[in-house]
Each structure stands twice: as C-alpha cells, then as structure tokens.
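Below, each chain spelled out in residue letters.
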Amino acid sequence: MNNKQVTGQTDEHIHWFSPNVGIHKEVVQPWEQLCQAANKQGFELTIASGFRSFDRQLSIWNRKFVGELTIKDIDNNHINIAQLSEKEIIRAILTFSALPGASRHHWGTDIDFYDKNLLKEQQSLMLEPWEYQAGGPFYSLSQWLKNNAKSFGFYFPYDVYRGGIAAEPWHLSYFPQAKLFEKNINHSLLQQCLSTVEISGKTSLIAMLDDIILRYIKNIGEIDNG
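Not measured: the values here are computed from a predicted model.

Quick word on the overall build of the protein
- Scanning the protein from terminus to terminus reveals 9 helices and 6 strands.
- The globule rule puts the C-alpha radius of gyration for 226 residues at 17 Å, and the 17 Å found for the protein is close to it.
- Its C-alpha atoms give the protein principal-axis dimensions of roughly 50 × 40 × 30 Å.
- Buried positions account for 49% of the 226 residues belonging to the protein.
- Considering only contacts in the protein between residues 6 or more positions apart, those separated by 24 or more positions represent 68%.
- Accessible surface for the protein amounts to roughly 11,000 Å². Of this, 45% is attributable to carbon and sulfur atoms.
- Put simply, the protein has 21 plus and 25 minus side-chain charges, and the middle of one group is 3 Å from the middle of the other.

Here it is, written out as structure tokens:
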C-alpha cells in the first residue's frame, strides 16, 4: 500500500471487471463469495460503483462547488448555493460526496450495490435511501445483507447519519482491507494531495481539514453494522 493508492491517484491495486467497474484485488474473492450466497437467496448483487479515481472525485467536487451538479441536504432537498459561504458549500457537498483524496472508493474496498433484477421495467437506479427502505425495490436485499454481510467481512460504514456524511444504505465496505487504508488517512497526506491540484475552495478546505477528518472521514459506523 502506498499514498497514491490511499488517495486514488493510481489503480494499480484494482481488479477490473469491466472498463468502468473495479474493486481491490484482495476484495474480489470475498465479494464473489457474498454474491454467491446472495444468489442462493434469489438476489443478484450488482456493483453500481466500486473504485473511483481521484480525478473523477475531483471533477464531481468542482462541478458541485460551482453549481453544475446538484447539491442536496440531509432531507434530499436541493440546496441553492448562491447565498452560501465557501465553508457552507464545503459542508453541504461533504454530506453526500467525499473529499477528493479521502473517498473510501479510492481504495477499492467499498462498493455501492443494488440488484438490477429488482428494478421495474424502465426504472432507473437513483441511489437514494428510499430505494433501500421498506417499500423500496432493494429493501429485501438490504435486510438480507444487514444479517449476513458481516460473515463475509463486509459492513455498512454509513448506516446512519452521525452529523457528517448522510446515511448510505447502499454502501458496503470490506473491513479487513479498508481498516488498513483508514490508518493511512491523515492531515499531512490530504494537505499535500490538495495543495498540488486545482480544487475549488482550496484555501478553506485546507483550513478546515482537521474538522473534515473528524466529522466526515473518521465519523463512521463499526464492523458490527453488517
């Protein structure tokens, strides 16, 4: 493991299933085992998002910062950023989108999942909480994973809202590998990473790093959530 892997600036640690879908090489076997177990229960686990590079996360960040992409609040309402300060925009983005260099998707250990067979005809995946709650298309799959994912090393780091990142019931993490990456995330690494790129709100971001690390990066659930 090296700093480029931690911050998503290389994909040398990634196994690619397709040009757009990849996960950490050490996660392939446990993921496939989890998929096989789910399949026996009638589910077809599908990866909506696995590895995400630094550049892709940076693009998402910059487009949200200037209003090209929608920013939502904790209640899923659209936010008008016109009257917000830089720090307020940063906090609003971080509720649903990770800081470039600090996304768990950089590691390839974290997977946004769904079951394509549970979507109705012409229904598109939204990755919104209601889809995984009672009455939603993925509720039964979500409940099965809550009871069984831990047996394969997976858990839900964003099981509930803790004042930082919003709840993400679609987000699974492979704990044995993710915990190794978590240990390498720190102020110095992120400051160095952000200082060398064109990222919107850079000065405010670097000034807020300690709070961001505490509130949005380390503020997650435990392995028992799965």
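Now, onward.
Describing the environment of Gln29
- On the secondary structure map, Gln29 appears in helix α2 (residues 28-40).
- Residues Gln29 and Phe152, 123 residues apart in the sequence, show an inter-C-alpha distance of 9.7 Å.

Description of α2
- The end-to-end C-alpha distance of α2 is 19 Å, a good match for the 18 Å that 13 residues give at a rise of 1.5 Å each.
- Along α2, the residues classified as buried are Val28, Pro30, Trp31, Leu34, Cys35, Ala37 and Ala38.

Focus on the packing of aromatic side chains
- Under the criterion given, the structure shown has 11 aromatic pairs.
- Seen from their ring centres, Trp31 and Phe154 are 6.1 Å apart, and the 70° between their planes marks the pair as edge-to-face. Remark: Phe154 occurs in strand β5 (residues 154-155) and Trp31 occurs in helix α2; sequence separation between them is 123 residues.
- Relative accessible area serves as the criterion here: at 4%, Trp31 is assigned to the buried category.
- A relative accessible area of 0% means that Phe154 is categorised as buried.
- Linked through ring pairs, Phe113, Tyr114, Tyr132, Phe138, Phe156 and Trp170 together constitute an aromatic cluster.

Examining the sheet that holds strand β6 (residues 171-174)
- With respect to topology, 4 strands assemble into an open sheet ordered β3-β4-β6-β5, the strand pairing being antiparallel. The open sheet has two free edges, formed respectively by β3 (45-49) and β5, since each of these has just one partner strand.
- Two strands pair when backbone bridges link them, and β5 and β6 are joined in this way by 2 bridges, in the antiparallel orientation. When the sheet's bridge partners are listed, Phe154 is paired in β6 with Tyr174.
- Across the sheet, α2 lies against β3, β4 (110-115), β5 and β6, angled at about 135° from β3, the strand it touches most.
- Packing against the sheet, helix α6 (residues 175-182) makes contact with β4, β5 and β6, and its axis sits at approximately 85° to β6.

Here's the deal with the packing of helix α7 (residues 187-195) against helix α9 (residues 209-217)
- The geometry of α7 relative to α9 is characterised by a closest axis approach of 10 Å and an angle of 110° between their N-to-C directions. It follows that α7 is roughly perpendicular to α9 by the angle criterion. Of the two possible hands of crossing, α7 and α9 adopt the one that is right-handed. Packed against α7, whose contacting residues are His187, Leu190, Gln191 and Leu194, the element α9 presents Leu209, Asp210, Ile213 and Ile217 at the interface.
- A per-class count over the contact of α7 with α9 returns 5 nonpolar, 2 polar and 1 charged.

Quick look at the pattern of salt bridges
- Counting across every chain of the model gives 6 salt bridges.
- The salt bridge partner of Arg52 is Asp112, with a shortest N-O separation of 3.8 Å. Here Asp112 lies in strand β4 and Arg52 lies in the loop between β3 and α3 (54-65), a separation of 60 residues in the sequence. Summarising the burial analysis for this pair, Arg52 and Asp112 share the class buried.
- Here the residues in one salt-bridge network are Arg104, Asp110 and Glu182, joined through shared partners.

Overview of the nonpolar core
- If you look at the biggest cluster of nonpolar residues, it comprises 35 residues, and the most contacted ones within it are Trp61, Ile90, Leu99, Leu190 and Ile212.
- When residues of this core are traced back to their parent elements, those giving at least two are α3, α4 (86-94), α6, α7 and α9.
- Contacts of Leu99, omitting those with residues within four sequence positions, involve Gln57, Trp61, Leu94, Leu190, Leu194, Leu205, Leu209 and Ile212.
- One finds Val28, Phe113, Tyr132 and Phe138 within the second-largest nonpolar core, a separate group that totals 26 residues.

Here is what the cut-offs are and how they apply
- Residues numbered from 1 in each chain as written.
- Predicted model: local features only at pLDDT ≥ 70, side-chain atom pairs only at ≥ 80, totals over all residues.
- Heavy atoms only, no water.
- Helix = DSSP H or I, 4+ residues; strand = E, 2+ residues; numbered from the N terminus.
- Rg over C-alpha atoms; globule rule 2.2 N^0.38 Å.
- Buried < 20%, exposed > 50% of the residue type's maximum accessible area, 1.4 Å probe, protein only.
- Contact = heavy atoms within 4.5 Å.
- Areas by Shrake-Rupley, 256 points an atom, 1.4 Å probe, with all protein chains shown as cover.
- Lys, Arg positive; Asp, Glu negative; His and termini not counted.
- Charge placed at Lys NZ, Arg CZ, Asp CG, Glu CD.
- Expected span 1.5 Å × (residues − 1).
- Phe/Tyr/Trp six-rings, centres within 6.5 Å; stacked < 30°, edge-to-face > 60°.
- Pairing = 2+ DSSP bridges.
- Axes fitted to C-alpha atoms, helices over the stretch in contact; angles between N-to-C directions.
- Parallel < 35°, antiparallel > 145°, perpendicular 65-115°, else oblique.
- Left-handed = near helix turned anticlockwise from the far one by under 90°.
- Nonpolar A, V, L, I, M, F, W, Y, C, P; charged D, E, K, R; others polar.
- Salt bridge = Lys/Arg side-chain N within 4 Å of Asp/Glu carboxyl O.
- Core = buried A, V, L, I, M, F, W, Y, C linked by side-chain atoms within 4.5 Å.

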